[in-house]
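Residues per chain are reported as follows:
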Amino acid sequence: MKWSTGYLFTLREAPTDAEIPSHILMVRGGYMRKLAPGIFTYGPLLLRALRKFEGIVRDELNKRGAIEILMPMVQPRELWEETNRWTEMGDGLQKLKNRNGHDFCLGATHEEVVTDFVRSDVKSYRDLPVNLYQVQTKFRDEIRPRFGLMRGREFIMKDAYSFDIDNEGAQKSYKLMFEAYSAIFSRLGANFRVVQADSGNIGGNQSQEFHILADSGEDQLFVSEESDFAANSEVCPAIDSWVAKPPVDELPTEEFATPGLKTIDELAKSLKMKPNQLVKTLFFSASDDPKVIKPIAVVLRGGDEVNPIKLKNHFKLANAPALLNDEEVVKATGASPGSCGPVGLKIPVIMDNGMQKKQNYIVGANKDGFHLKNVNHGRDFTPTAFADLRMTKEGDASPDGKGKLKAYRGIEVGHIFYLGTKYSAKMDAKYLAQDQSQRPIEMGCYGIGVSRTVQAVIEQNHDKDGIIWPVSIAPFHVHLCVLDPDNAEVMELANRYYAELNERGIEVLMDDRTERPGVKFKDADLLGMPMRVNLGARGLQAGEVELIDRKTKNLEKVQPGATVEKIQAWFKEQMKKDAKN
Ligand code: ATP
Ligand code: MG
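What you are looking at is a predicted structure, and each value in this text was computed from that prediction instead of being measured. (Residues numbered from 1 in each chain as written. Chains lettered and ligands numbered in written order. Predicted model: local features only at pLDDT ≥ 70, side-chain atom pairs only at ≥ 80, totals over all residues. Heavy atoms only, no water.)

1. Structural notes on the overall build of the protein
Then, in step 1: In terms of regular secondary structure, the protein is built from 15 helices and 31 strands.
Then, in step 2: For the protein, the spread of C-alpha atoms along the three principal axes comes to 95 × 70 × 55 Å.
Then, in step 3: Split into buried and exposed, the 581 residues of the protein put 51% on the buried side.
Then, in step 4: For the protein, the computed accessible surface area is about 27100 Å², with 51% contributed by carbon and sulfur atoms.
Then, in step 5: Side chains of the protein carry 78 positive and 82 negative charges; the gap between the two charge centres is 2 Å. (Helix = DSSP H or I, 4+ residues; strand = E, 2+ residues; numbered from the N terminus. Buried < 20%, exposed > 50% of the residue type's maximum accessible area, 1.4 Å probe, protein only. Areas by Shrake-Rupley, 256 points an atom, 1.4 Å probe, with all protein chains shown as cover. Lys, Arg positive; Asp, Glu negative; His and termini not counted. Charge placed at Lys NZ, Arg CZ, Asp CG, Glu CD.)

Below is the structure:
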């Protein structure tokens, strides 16, 4: 592509709604433009990077026998009713009506559609196993789209679905996709981790996420310092790394006035205690239907936080339960939030495991402006259950008993699930087994956020001047800065390089604008192609052309006649290095 005839617009200023480096750089580089919140037009450079990444994805999946198809974006309600996800998916599922008043939704994920496809064709064990995938636009009406392509409403996903005759086959398919994903993210040169994960709305009971590590990542990951244990904080079991004190005598309960003290911090300050010496009670609705309130109380140490995903899984809900509002808390306890506790409640009381050995603690008295001290579970109230409900913290013990946990931030770029027969059973997707019985097909599903990954790569590979593309998905390989485009000799040589490099498969973005060199260098650094070539009249006179490595900024001067060979050799070397990663 030549700048003069291409479509390239860079900006000096970052847009105000871009908060993280990758988003800022992509907008400044003209890689994309926002149409509406979470909805973007991809410019020509971004599209090239996306297509290259899709190429890597296709390559690794095709190698392992997966077959590409393309499913519809607009999907009928009836199909989603079969699995109850028309309701379960909540408002994230974008619904619409056609002119006849029929309900449809935009594809947020395609388990229903692909299962419908397969049940209409697959009849016998001979037709299995099969793994079908697509690369397609997805739509999710995310509550808070942000960080550009990281959390978009419209985004590109690769989704694959495996169909097997039994669990053994399904496990094999899962393992194959695990390998494919590891190969895909390695080819980006990305620093990534695989962690145990929650299955969310997709379901099933075994899933792993692939995360590109970055400070701006939305997810917190816990990794053992001594073993290969790694989990998303959403599901990471919380285990104290210290041993609880031996038991003491239970003291008589006393009520005391705490006027105006509502939060744990206020109470701790007034009582001159640490938050963890106090106990807090929070109230949620353990129901998937927002119209039906099922109040429950969760009791945990004052310094701990509730993990909503653990709560969701404890109650086998489709979505994380909502906190009760003040009015609903008063209805459930008789007191305002801040004065509530577990004693005398008529609703289920679930206690975090961290409370098990706690004694003689302080809780709200369920009477405005009062608390109780020396409260003990078992004696003063009976908990419905103990469970692991709190957020894990850095320094907690690793759940496999080996070492302590260290926290990282990650961007979830891939997610693989073993589904079992969750969809096939509900949707009646069966096959005829060898013993002539009809059996539900065993499934797995596997997603990669294609557009999110490309931005995550930038988040991991940039400096203060701009993007630093890995060769594997760089929109172009070489950024050729023609410093004196009005000089006929220079322009002729530039055109020759352009043609010869392209012929050898080295893609060139040629800046042939009439602009000052400084402007061109800034843009080249911003756009981030792996190598910049400076070609100008003064250099030619001295018999040299400059090659600059975008990553190291290392500058090499070469003879004009040797430039093409040198560049080719450099890229060969780079690709060899990448292949080793
Ligand atoms: P998240 O937890 O980030 O909301 P998810 O678990 O809902 O994602 P999946 O249903 O597992 O996502 O989708 C597969 C992949 O699609 C994810 O691993 C992620 O890379 C990508 N993805 C999901 N939601 C978005 C989004 N709003 N914008 C961009 N990519 C997304
Ligand atoms: Mg996910």
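That was the structure; now back to the text.
2. Here's the deal with the packing of helix 2 (residues 44–63) against helix 6 (residues 167–187)
Then, in step 1: One way to put it is that helix 2 packs onto helix 6 with a least axis distance of 9 Å and a crossing angle of 145°. In the crossing of helix 2 with helix 6, the sense of the turn from one axis to the other is right-handed. From helix 2, F53, I56, V57, D59, E60 and L61 reach across to helix 6, where they touch M177, A180, A183, I184, F185 and R187.
Then, in step 2: In terms of residue class, the contact of helix 2 with helix 6 is built from nine nonpolar, no polar and three charged. (Axes fitted to C-alpha atoms, helices over the stretch in contact; angles between N-to-C directions. Left-handed = near helix turned anticlockwise from the far one by under 90°. Contact = heavy atoms within 4.5 Å. Nonpolar A, V, L, I, M, F, W, Y, C, P; charged D, E, K, R; others polar.)

3. Focus: the coordination of the magnesium ion (ligand 2)
Then, in step 1: Taken together, the protein donors to the magnesium ion (ligand 2) comprise E412 (OE) and H415 (ND1), at separations of 2.2 to 2.3 Å.
Then, in step 2: Overall, H415 belongs to the buried group, its relative accessible area being 9%. (Donors = N, O, S within 2.8 Å, 3.2 Å for Na, K, Ca; no water.)

4. A closer look at the site of ligand 1
Then, in step 1: Inspection of the region around ligand 1 gives 15 residues, with R140, E142, R151, G152 and E412 positioned closest.
Then, in step 2: In the environment of ligand 1, a nitrogen atom lies 2.8 Å from a nitrogen or oxygen atom belonging to the backbone of G152.
Then, in step 3: At 3.3 Å from an oxygen atom of ligand 1 is found a main-chain nitrogen or oxygen belonging to V413.
Then, in step 4: When ligand 1 sits alone it has 580 Å² of accessible area, and the protein chains cover 86% of it.
Then, in step 5: When residues of the shell around ligand 1 are assigned to their parent elements, the largest contribution, five residues, is made by strand 21 (residues 405–420). (Near = heavy atom within 4 Å. Polar contact = N/O pair within 3.5 Å; in protein donor to acceptor, adjacent residues only side chain to side chain.)

5. What about the sheet that holds strand 4 (residues 74–76)?
Then, in step 1: Strand order in the open sheet formed by three strands is 4-6-5, and the pairing between neighbours is antiparallel. Taken across any chain shown, the strands that pair with only one partner, and hence form the sheet edges, are strand 4 and strand 5 (95–97). Geometrically, the sheet is characterised by an average inter-axis angle of 40° between neighbouring strands, direction not taken into account.
Then, in step 2: For strand 5 and strand 6 (residues 103–106), the ladder comprises three bridges, and the chain directions are antiparallel. (Pairing = 2+ DSSP bridges.)

6. Observations concerning unusual backbone geometry
Then, in step 1: Note that the residue after L128, namely P129, is joined by a cis bond; omega there is 0°.
Then, in step 2: Among the structural elements, P129 can be located in the loop between helix 5 (111–121) and strand 7 (130–139).
Then, in step 3: Of note, the phi angle at N360 is positive, near 50°, even though the residue is not glycine.
Then, in step 4: Looking at the element boundaries, N360 is found in the loop between strand 17 (349–352) and strand 18 (361–364).

7. Remarks on the packing of aromatic side chains
Then, in step 1: Applying the stated rule across the entire model yields 10 aromatic pairs.
Then, in step 2: Pairing F178 with F210 gives two aromatic rings, centres 5.5 Å apart and planes at 55°, and the pair type is tilted. Note that F178 is positioned in helix 6 and F210 in strand 10 (residues 206–213), a separation of 32 residues in sequence.
Then, in step 3: The class for F178 is partly exposed, based on a relative accessible area of 27%.
Then, in step 4: Here the aromatic cluster, defined as three or more aromatic residues joined through ring pairs, consists of F178, Y181, F185, F192 and F210.
Then, in step 5: In this structure, K2 is placed above the aromatic ring of Y498, and the distance from its NZ or CZ to the ring centre is 4.8 Å.
Then, in step 6: Between K95 and the ring centre of W86, over which it is positioned, the NZ or CZ distance is 4.8 Å. (Phe/Tyr/Trp six-rings, centres within 6.5 Å; stacked < 30°, edge-to-face > 60°. Lys NZ or Arg CZ within 6 Å of the ring centre and 35° of its normal.)

8. Observations regarding helix 7 (residues 264–271)
Helical periodicity: at 3.6 residues per turn, an α-helix aligns residues three or four positions apart in one direction.
Then, in step 1: By the burial criterion, the buried members of helix 7 are I264, L267 and A268. End-on, the buried residues of helix 7 take up no more than an arc of 100°, which puts them together on one face. Set apart from the buried face of helix 7 by more than 90 degrees, the exposed residues are D265 and K269.
Then, in step 2: On the buried face of helix 7, the contacting elements are strand 14 (279–285), strand 18 and strand 19 (370–375).
Then, in step 3: Positive phi shows up at K272, right after helix 7, with a value of about 55°. (Arc of directions from axis to C-beta.)

9. Some points on empty space enclosed by the protein
The rolling of a water-molecule-sized probe over the atoms marks out the regions of remaining empty space.
Then, in step 1: On inspection of all chains with the given rule, the structure shows two cavities of 30 Å³ or more.
Then, in step 2: Volume-wise, the largest cavity comes out at about 70 Å³.
Then, in step 3: Taken together, F147, M150, R151, S216, G217, E218, D219, G410, I411, E412 and R452 make up the lining of the largest cavity.
Then, in step 4: In the lining of the largest cavity, the residues fall into three nonpolar, three polar and five charged.
Then, in step 5: Taken as a whole, the second largest cavity encloses approximately 40 Å³ of empty space.
Then, in step 6: Lining the second largest cavity, in full, are H479, A524, D525, M529, M531, R532, I548, D549 and R550.
Then, in step 7: For the lining of the second largest cavity, the elements supplying multiple residues, two or more each, are helix 13 (517–527), strand 29 (531–535) and strand 30 (545–549). (1 Å grid on protein atoms, 1.4 Å probe; cavity = no way out; pocket = protein on both sides within 12 Å on 5 of 7 lines; lining within 4 Å. Points joined across faces, edges and corners; volume = space filled by probe spheres on them.)

10. Quick look at the layout of surface pockets
Then, in step 1: What the second largest pocket holds in volume is close to 860 Å³.
Then, in step 2: Taken together, the elements giving at least two residues each to the lining of the second largest pocket come down to strand 18 and strand 19.
Then, in step 3: Here the residues of the lining of the second largest pocket are counted per class, giving 10 nonpolar, eight polar and eight charged.

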